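Notes for the structure review
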Amino acid sequence: MSADWFYMSSGWFHKAKRVGPISESDLLQRIDAGKIQPETLVQSRKTRERWVPMSTVGPAMARWLKANPNAQDQVN
């Protein structure tokens, strides 16, 4: 059973809005599409229902680095 994920997105006038629930595969697709960045806040039961930057979620960050290979130097 996969976790439902939520993430914060900029809405009108840069007001943050919660998006979700989305599946893990949807989360990964949004990472690939650039909609979710390392600084984007994400939440699921896997994060103990806490909002954390996507960069702290190992598999999600690995996926982002795979989709953005030139960004490796910027992250380190």
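What you are looking at is a predicted structure, and each value in this text was computed from that prediction instead of being measured.

With that settled, consider helix 2 (residues 58-67). Looking only at helix 2, the buried set comprises A60, M61 and W64. For helix 2, the buried positions fall inside an angular range of 95° around the axis, keeping them on one side. The outward face of helix 2, more than 90 degrees from its buried face, is lined by the exposed residues P59 and K66.

Here we take up the environment of K46. Summarising the element assignment, K46 is placed in the loop between strand 3 (41-43) and strand 4 (52-53). In sequence terms K46 and S9 are 37 residues apart; their C-alpha atoms lie 20 Å from each other.

Taking strand neighbours across the sheet as the criterion, the 4 strands line up as 2-1-3-4 in an open arrangement whose pairing is antiparallel. The open sheet has two free edges, formed respectively by strand 2 (16-22) and strand 4, since each of these has just one partner strand. Seen against the sheet, helix 1 (residues 24-32) touches strand 1 (5-10), strand 2 and strand 3 and runs at an angle of roughly 130° to strand 2.

Moving on, we come to unusual backbone geometry. Here the amide bond leading from G20 into P21 is cis, since omega sits at 5°, within 30 degrees of zero. Note on placement: P21 falls in strand 2. Positive phi outside glycine occurs at R48, with the angle close to 60°. Inspection of the secondary structure puts R48 in the loop between strand 3 and strand 4.

Inspection of the secondary structure assignment puts Q43 in strand 3. A distance of 2.6 Å separates a polar side-chain atom of Q43 from the backbone oxygen of E49.

Look at helix 1 against helix 2: their axes get within 9 Å of each other, and the N-to-C directions meet at 35°. Like other packed secondary-structure pairs, helix 1 and helix 2 cross with a definite hand, here right-handed. In contact with L28, I31 and D32 of helix 1, helix 2 contributes A60, R63, W64 and A67. Its residues assigned to classes, the contact of helix 1 with helix 2 comprises 5 nonpolar, no polar and 2 charged.

Criteria and thresholds
- Residues numbered from 1 in each chain as written.
- Predicted model: local features only at pLDDT ≥ 70, side-chain atom pairs only at ≥ 80, totals over all residues.
- Heavy atoms only, no water.
- Buried < 20%, exposed > 50% of the residue type's maximum accessible area, 1.4 Å probe, protein only.
- Helix = DSSP H or I, 4+ residues; strand = E, 2+ residues; numbered from the N terminus.
- Arc of directions from axis to C-beta.
- Pairing = 2+ DSSP bridges.
- Contact = heavy atoms within 4.5 Å.
- Axes fitted to C-alpha atoms, helices over the stretch in contact; angles between N-to-C directions.
- Polar contact = N/O pair within 3.5 Å; in protein donor to acceptor, adjacent residues only side chain to side chain.
- Left-handed = near helix turned anticlockwise from the far one by under 90°.
- Nonpolar A, V, L, I, M, F, W, Y, C, P; charged D, E, K, R; others polar.

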